[in-house]
Amino acid sequence: MTYAITQTCCNDAGCVAVCPVNCIHPTPDEPDFGRTEMLYIDPRSCIDCGACADACPVDAIFPADALRPGQEAYAAVNAAFYEDRAPREAPADAPTFHAWGAPSFARSLPSDFAPLRVAVVGTGPAGMYAAEDLLLHTGAEVTLVDRLPVAGGLVRYGVAPDHPATKRIGETFARFHTHPRVRMYLGVDVGTDLTAEELAAHHDAVVYAVGAAADRRLGTPGEERTGSVSATAFVAWYNAHPEVAPDTVDLSGTERVVVVGAGNVALDVARILVADPETLAATDIADHALAALRASAVREVVLLARRGPEDLSCTAPELLALGQLPGVRLVVDDHDPRAWEAVEAAGPRDKAALLRGAVRESVDWTRPPGQERRIVFRFHSAPEELLDGAVRVTGPAGSTHIPAGLTLRAVGYRGLPVAGLPYDETTGTVPHTGGRVEGRPGTYVVGWIKRGPSGGIGANRTCAAETVGTLLADAVDGTLPAPTGTARAFDRLARSRARHVVDARGLAAIERAERARGEESGRPRVKLGTLPELVAAARGRRRAGR
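Residues numbered from 1 in each chain as written. Predicted model: local features only at pLDDT ≥ 70, side-chain atom pairs only at ≥ 80, totals over all residues. Heavy atoms only, no water.

A. Structural detail: the packing of helix α9 (residues 231–238) against helix α10 (residues 264–274). Where α9 contacts α10, the two axes come as close as 10 Å, and the packing angle between them is 50°. One finds that α9 runs oblique with respect to α10. As for the relative orientation of α9 and α10, their crossing is left-handed in sense. Contacts from Ala231, Phe234, Val235 and Tyr238 of α9 reach α10 at Val265, Asp268, Val269, Ile272 and Leu273. Grouping the constituent residues of the contact of α9 with α10 by class yields eight nonpolar, no polar and one charged. (Axes fitted to C-alpha atoms, helices over the stretch in contact; angles between N-to-C directions. Helix = DSSP H or I, 4+ residues; strand = E, 2+ residues; numbered from the N terminus. Parallel < 35°, antiparallel > 145°, perpendicular 65-115°, else oblique. Left-handed = near helix turned anticlockwise from the far one by under 90°. Contact = heavy atoms within 4.5 Å. Nonpolar A, V, L, I, M, F, W, Y, C, P; charged D, E, K, R; others polar.)

Okay, structure coming up:
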């Protein structure tokens with residue numbers, strides 16, 4: 001028997017480090033790492049020890065003969081990765097029976113290396129991987145800063161609620177919230193409450209992990225009409241982001257939704273729109289979103305993709321999961337014969353092959369959706385104009401009107417300028433060299449604001465390792481500016497400037513309050529969805545009526 005890695009793989013690579021036979025690839029030192037959609041277990045080498053499953057932070061690894069319904073295909077997915085790869089045989093005189101690379105020690109710190117005081121701005125995966133690296137490998141003191149009064153970033157507000165296993169990576173990060181060398185300042189906005197210069201003056205170095213909070217624009221007429229919402233806002237809406245109002249999305253009277261894009265976020269929002277609300281009721285989805293979905297008339301979601309199935313931008317695991325939604329039919333609109341030709345011509349390792357189980361249909365857009373719930377891929381199509389209650393779509397055969405009560409724009413994220421830092425308008429990132437901000441000694445970036453909106457949660461681990469490595473090299477070289485303020489002075493400054501500072505104790509109180517609310521309704525947690533509710537919970541108070 002062998003183990004298999006499944007859909008929720010986060011590419012964290014914690015499993016690679018514990019595998020005794022080197023059967024999980026690509027490893028962080030291999031060229032394919034960060035380029036493949038997930039990691040894979042070689043069934044020819046796996047010895048069924050289960051060490052990888054124990055180490056996996058997102059419960060993505062299972063025995064191949066015990067995969068849950070809908071996951072059976074992942075045994076073949078893992079095996080297919082190794083079909084044209086010869087096993088690496090160990091030399092005859094090797095102490096193990098499987099090949100290992102030579103040990104590598106990328107960092108070397110002097111024995112008298114003094115502890116640093118480092119501020120990390122942002123508590124999502126990128127920031128927490130950077131904090132983890134500093135705490136585990138140095139004696140650094142870390143100041144965690146976030147503009148929201150609760151930690152989590154992308155894990156809390158970006159991961160779909162029906163992916164609870166992926167959210168478990170947050171438990172790995174949470175163990176550092178109460179670390180003795182960590183001080184937490186949630187609800188403090190750098191650029192508003194504090195300047196970048198003030199933050200830097202109280203620390204040896206500052207690492208910005210602020211992500212890519214904005215959405216890319218379509219540049220299409222009617223983009224700002226009522227009924228047109230960014231997928232960024234929609235994801236925040238169903239995840240109870242306190243800065244997105246419950247009435248941001250209106251599903252009343254809507255039978256068909258058009259989603260512009262075919263990446264992972266587009267698939268996420270399509271899946272949520274047609275999922276069984278009672279299934280979602282077992283998740284931490286926002287109360288207002290659950291109520292809206294229960295009352296929703298949406299039965300059809302159309303995914304518009306500019307290119308064909310051979311160029312899908314979503315990952316294979318997400319596409320595979322989309323075709324296994326209970327009670328939901330997957331359809332490929334046959335308006336352009338090239339689409340189905342690409343599906344039929346796809347090889348076993350091509351994403352397009354996963355659409356062979358879909359229904360091929362020439363959709364009549366003049367008719368309303370039927371009673372069945374379904375997701376329709378319309379390839380070789382682009383929005384020409386967003387109208388009231390419809391989208392005019394252009395393709396090889398000309399324009400088509402697709403009636404829709406809601407249009408969601410899911411064409412990517414974009415980083416915003418960071419106060420006090422340089423900004424590349426073209427890429428939406430902060431210019432840097434190995435994570436070091438150009439022209440700002442002691443200032444660093446990590447995550448999407450560093451490399452652009454690419455890569456999943458686990459990709460931030462490698463990204464953070466590079467940035468922290470650069471930071472430590474600068475410290476050894478003596479190029480970090482010496483702080484002029486103490487940790488105590490920073491505490492006084494932050495609390496005098498920010499109206500409601502939440503620390504680790506307050507964050508724990510929020511956690512208890514949300515879990516208590518969940519117990520009352522038979523759910524894992526019910527998120528507090530407004531800033532006043534979060535602050536009140538952090539102070540140990542519950543709002544009236546709760």
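B. Representation of the confidence of the model for the chain in the model. When pLDDT is averaged across the chain, the result is 92; 96% of the residues are at 70 or more. Segment residues 542–546 is flagged for pLDDT under 50; beyond a separation of four residues in sequence, or across chains, it makes six contacts in the model. (pLDDT = per-residue confidence, 0-100.)

C. A look at the nonpolar core. Grouped together as the largest cluster of nonpolar side chains are 72 residues, with contacts concentrated most on Ile24, Leu39 and Ile41. If one sorts the elements of this core by residue count, helix α4 (residues 125–137) sits on top with seven residues. Each residue touching Leu39, except ones within four places of it in the same chain, is listed here: Ile5, Cys9, Asn11, Ala13, Cys15, Val16, Ile24, His25, Pro26, Phe33 and Asn78. (Core = buried A, V, L, I, M, F, W, Y, C linked by side-chain atoms within 4.5 Å. Buried < 20%, exposed > 50% of the residue type's maximum accessible area, 1.4 Å probe, protein only.)

D. A look at the packing of aromatic side chains. Under the criterion given, the structure shown has eight aromatic pairs. Here Tyr185 and Phe490 contribute two aromatic rings whose centre-to-centre distance is 5.2 Å and whose plane-to-plane angle is 80°, an arrangement assigned as edge-to-face. You can see Tyr185 sitting in strand β7 (residues 182–186) and its partner Phe490 sitting in helix α17 (residues 487–497), a full 305 residues away along the chain. A relative accessible area of 5% means that Tyr185 is categorised as buried. (Phe/Tyr/Trp six-rings, centres within 6.5 Å; stacked < 30°, edge-to-face > 60°.)

E. Main features of α9. Of all eight residues in α9, eight are buried; the element is thus mostly enclosed. Downstream of α9 by one or two residues, Ala240 has phi in the positive range, about 65°.

F. Up close: the pattern of salt bridges. Counting across every chain of the model gives 41 salt bridges. Taken together, the shared-partner salt bridges connect Arg256, Glu300, Arg329, Glu361, Glu372 and Arg374 into one network. (Salt bridge = Lys/Arg side-chain N within 4 Å of Asp/Glu carboxyl O.)

G. A look at the side chain of Asn11. For Asn11, the location among the structural elements is in the loop between β1 (3–5) and α1 (14–18). Engagement of the side chain of Asn11 in a polar contact is seen with the backbone oxygen of Glu37, the distance being 3.3 Å. Among residues more than four places away in sequence, those in contact with Asn11 are Phe33, Thr36, Glu37, Met38, Leu39, Gly458 and Ala459. (Polar contact = N/O pair within 3.5 Å; in protein donor to acceptor, adjacent residues only side chain to side chain.)

H. Quick peek at the sheet that holds strand β17 (residues 390–395). Spatially, β16-β17-β18 is the arrangement adopted by the three strands of the open sheet, whose pairing is antiparallel. Of all the strands in the sheet, the pair left with one neighbour each is β16 (382–387) and β18 (398–403). Across this sheet, the average inter-strand angle for adjacent strands is 25°, counted without regard to direction. (Pairing = 2+ DSSP bridges.)

I. Quick peek at the side chain of Glu385. With respect to the helices and strands, Glu385 occurs in strand β16. One polar contact links Glu385 to Arg392, side chain to side chain, over a distance of 2.5 Å.

J. Quick look at the state of the cysteines. Under the defined criterion, the tally for this structure stands at zero disulfides. Looking at the unpaired Cys463, the closest cysteine sulfur is the one in Cys10, lying at 15 Å. With a relative accessible area of 8%, Cys463 lands in the buried category. (Disulfide = S-S within 2.5 Å.)

K. Molecular detail of the environment of Glu197. By secondary structure assignment, the location of Glu197 is in helix α8 (residues 196–201). If near-sequence neighbours (up to four positions away) are discounted, Glu197 is found in contact with Gly420 and Arg440.

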